[in-house]
Amino acid sequence: MTRAGAAALVGVAGAAARAVAGDDTTRTSSIFAPVSAPADAAVTAAMLVLAITAGIFVVVGGLLTYGVVRFRQPPDDDGSEPPQVYGSEQIELAWTVIPILIVVVLCLVTARTVYDVQGATKPPGAVDVTVVGHQWWWEIRYPALGIVTANELHVPVSDPANRTPTFLALESADVAHSFWVPRLAGKTDVIPNRRNTMWIEPRETGLFLGQCAEYCGTQHAHMLLRVYVHPRAEFDAWVTRQREPGVADASVAAGRHVFETTACINCHTVRGTVATGRFGPDLTHLMSRDTLVAGAAPMTPEALRDWIANPDHVKPGALMPAMQLDATELDQLVAYLGTLR
Ligand code: CUA
């Protein structure tokens, strides 16, 4: 099958997946609905493999069925053996050469796809992001922009005339994780003491869901990823807001005091305060995120209070300890965090 043929098949599969999804980009996370260059390449290769193996299945299954029907025992069978055949050069050549050719074709297609994806050059408009996998959340850093956030990756949509793909450097703070947003790119392992790279180039705006794809401990299932693909101007506005320091007004001074005088500051950063910890998520613009606890809870005051009061209740095994705050301190702290927009 030609590359165009494979691409046509991908188109049909993608249209079907999108028909199911409607306008809501989060309705499907199918690899058959790619919206980004590396995901396109992977699904094109996958469809070609699927087509070839489907062809093999039809030929083998067809011959088997034909043999079973055509050579079944006739009613007047006298029990004697049919003519016996020993050795056939043509048949042996066929079952040796044809599989070799098929394997060679699959190897070449795979090699070309891997080369295309991994050998991609970074255009000048590319956005650089460092993603650090932690048990059990994602640290997201934009080194050139001075932004640090968590679990929710924001990127610009890429215009073919003025490409703005996002290049990701993947690191781990503890164990092996895997970064996977099926509609944007294939999985890439996140390995301790190693820096893997990958890239995405979304051509549609929307929210695309992903997930850690390597078992990394008890809360592996709650290590979700959200990728927000924005029109360029919207992305620039997001960057501007994220670069501002966190400001809290005097009305939440009590909560800020609770925050700055408990162990919160050992693990969390709020720029502009004494909190500079790196073990947990940066909270400078906590309220700009839609979810808490790597997607395990929505960003609501109730969920936030529940999480701080008893992390194990929301995410058993979570590395955030319960701070043993009383109800008043909890309310003050949640009020303060609620101002970190
Ligand atoms: Cu991180 Cu699974």
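This text follows the structure it describes.
The rules behind each value
- Here the residue numbering is sequential within each chain, running from 1 through the sequence in written order.
- Reporting in this predicted model follows two pLDDT cut-offs: at least 70 for local features of residues, and 80 or more for side-chain atom pairs to be given and counted; totals over whole chains, interfaces and linings ignore these cut-offs and use all residues.
- Remark: hydrogens and water are excluded; side-chain values derive from all non-hydrogen atoms of the structure.
- Where helices and strands are cited, they refer to DSSP runs of H or I of at least four residues and of E of at least two residues respectively, numbered from the N terminus.
- Buried residues are those whose accessible area, probed at 1.4 Å on protein chains only, stays under 20% of the maximum for their type, while exposed residues exceed 50% and partly exposed ones sit between those limits.
- Any two residues having at least one pair of non-hydrogen atoms within 4.5 Å are treated as being in contact.
- Surface accessibility in these figures is a Shrake-Rupley result with a 1.4 Å probe; residues are shielded only by whichever protein chains are displayed.
- Only four residue types enter the tally: Lys and Arg on the positive side, Asp and Glu on the negative side, with His and both chain ends excluded.
- Throughout, a charge is located at the NZ atom of Lys, the CZ atom of Arg, the CG atom of Asp or the CD atom of Glu.
- Definition used for salt bridges: Asp or Glu carboxyl oxygen within 4 Å of a side-chain nitrogen of Lys or Arg.
- By the criterion applied in these results, polar contacts are pairs of N or O atoms within 3.5 Å in which, for protein atoms, one can donate a hydrogen and the other can accept it, and in which residues neighboring in sequence qualify only through two side-chain atoms.
- Remark: nonpolar core denotes a set of buried residues (Ala, Val, Leu, Ile, Met, Phe, Trp, Tyr, Cys) joined through side-chain atoms within 4.5 Å.
- When the centres of two rings from Phe, Tyr and Trp lie within 6.5 Å, Trp using its six-membered ring, the rings pair. Their planes under 30 degrees apart give stacked, over 60 give edge-to-face, and anything left gives tilted.
- Here, any two strands with at least 2 DSSP bridges between them count as paired.
- Each axis is a line fitted through C-alpha atoms, taken for helices only over the stretch in contact, and angles between the N-to-C directions span 0 to 180 degrees.
- To be clear, the arc concerns the directions from the helix axis to the C-beta atoms.
- Patch rule: a residue counts if its relative accessible area is over 30% and it has no salt bridge; like charges are joined within 9 Å, and nonpolar side chains (Val, Leu, Ile, Met, Phe, Trp, Tyr) within 5 Å.
- Every angle not falling under 35 degrees, over 145, or within 65 to 115 is termed oblique; those three ranges are roughly parallel, roughly antiparallel and roughly perpendicular.
- Three classes are used: nonpolar for Ala, Val, Leu, Ile, Met, Phe, Trp, Tyr, Cys and Pro, charged for Asp, Glu, Lys and Arg, and polar for all others, with Gly counted as polar.

A. Structural context of the overall build of the protein chain. Looking only at helices and strands, one finds nine helices and 12 strands in the protein chain. For the protein chain, the spread of C-alpha atoms along the principal axes amounts to about 100 × 50 × 40 Å. Every one of the 341 residues in the protein chain was classed for burial, and the buried ones make up 40%. Considering only intrachain contacts with a sequence separation of at least 6, the fraction spanning at least 24 residues in the protein chain is 63%. Summing over all exposed atoms, the protein chain offers an accessible surface of approximately 18400 Å²; the carbon and sulfur share of this is 62%. Of the charged side chains in the protein chain, 25 are positive and 33 negative; the average position of the first set lies 6 Å away from that of the second.

B. Fine view of the side chain of lysine 315. Tracing the backbone through its elements, the reader meets lysine 315 in the loop between helix 8 (311-314) and helix 9 (327-337). We note that lysine 315 is buried and unpaired, the nearest opposite charge coming from aspartate 312 at a distance of 10 Å. There is a polar contact of 2.8 Å between the side chain of lysine 315 and the backbone oxygen of tryptophan 136. Side-chain polar atoms of lysine 315 contact the backbone oxygen of histidine 222, separated by 2.9 Å. Aside from chain neighbours lying at most four places away, what touches lysine 315 is Trp136, Gln219, His222, Val293, Ala294 and Trp307.

C. Seen up close, the nonpolar core. Tyr142, Leu153 and Phe179 are the most contacted members of the largest nonpolar core, which has 31 residues in total. Looking at this core, the elements with two or more residues in it are strand 1 (127-134), strand 2 (137-142), strand 4 (152-156), strand 5 (166-172), strand 8 (196-200), strand 9 (206-212), strand 10 (224-230) and helix 4 (232-243). Discounting chain neighbours no more than four positions away, the residues touching phenylalanine 179 are Val131, Trp138, Leu153, Leu168, Leu170, Gly186, Lys187, Thr188, Val190, Met198 and Leu225. In this structure, Leu283, Ala303, Leu325 and Leu340 belong to the second largest nonpolar core, which totals 25 residues.

D. Molecular detail of the packing of aromatic side chains. Overall, the coordinates contain six aromatic pairs when judged by the stated rule. For the ring pair tyrosine 142 and tryptophan 238, a centre distance of 5.5 Å and an interplane angle of 55° mean the geometry is tilted. Of this pair, tyrosine 142 sits in strand 2 while tryptophan 238 sits in helix 4, and the two are 96 residues apart along the sequence. Classification of tyrosine 142 by relative accessible area gives buried; the value is 1%.

E. Expanded view of the sheet that holds strand 5. With mixed pairing, five strands are arranged side by side in an open sheet as 3-2-1-5-8. Because the sheet does not close on itself, it has two edges, and the strands there are strand 3 (147-150) and strand 8. For this sheet, the mean angle separating the axes of adjacent strands, direction not counted, is 25°. In terms of strand pairing, strand 2 meets strand 3 through four bridges, oriented antiparallel. Within strand 3, the residue paired with isoleucine 140 across the bridge is threonine 149. Packing against the sheet, helix 4 makes contact with strand 1, strand 2 and strand 3, and its axis sits at approximately 100° to strand 3.

F. Molecular detail of helix 9. Within the span of helix 9, buried status applies to Leu330, Leu333, Val334, Tyr336 and Leu337. The buried residues of helix 9 occupy an angular sector of 160° when projected down its axis, which confines them to one face. Where helix 9 is buried, its residues touch helix 5 (253-261) and helix 7 (301-309). Near the N-terminus of helix 9, the side chain that reaches the backbone nitrogen of threonine 328, with its oxygen 3.1 Å away, is that of aspartate 326.

G. Seen up close, a nonpolar patch on the surface. A contiguous nonpolar patch, built from Leu64, Val68 and Val69 and spanning about 300 Å² of accessible area, is present on the exposed surface. Examined against the element boundaries, leucine 64 turns out to sit in helix 2 (residues 37-70). Judged by its relative accessible area of 58%, leucine 64 is exposed.

H. Representation of the side chain of serine 158 in the model. Tracing the backbone shows serine 158 in the loop between strand 4 and strand 5. Engagement of the side chain of serine 158 in a polar contact is seen with the backbone nitrogen of threonine 164, the distance being 3.0 Å. Dropping the residues within four chain positions of it, serine 158 is found in contact with Arg163, Thr164, Pro165, Glu201, Pro202 and Arg203.

I. Region of interest: unusual backbone geometry. Look at the link from glutamine 135 to tryptophan 136: it is a cis peptide, with omega at -5°. Along the chain, tryptophan 136 falls in the loop between strand 1 and strand 2. In the Ramachandran plot, asparagine 151 falls in the positive-phi region, its phi being about 65° despite a non-glycine side chain. Along the chain, the position of asparagine 151 falls in the loop between strand 3 and strand 4. Here asparagine 193, not a glycine, exhibits a phi torsion of approximately 60°, which is positive.

J. Looking closely at the packing of helix 2 against helix 3 (residues 89-118). Close contact between helix 2 and helix 3 brings their axes to 9 Å; oriented N to C, the two are set at 175°. Taken together, helix 2 and helix 3 sit at an angle that is classed as roughly antiparallel. Here helix 2 contributes Pro38, Ala41, Ala42, Ala45, Leu48, Val49, Ile52 and Ile56 to the contact with helix 3, which in turn contributes Ile102, Val105, Leu106, Val109, Thr113 and Val117. Here the residues of the contact of helix 2 with helix 3 sort into 13 nonpolar, one polar and no charged.

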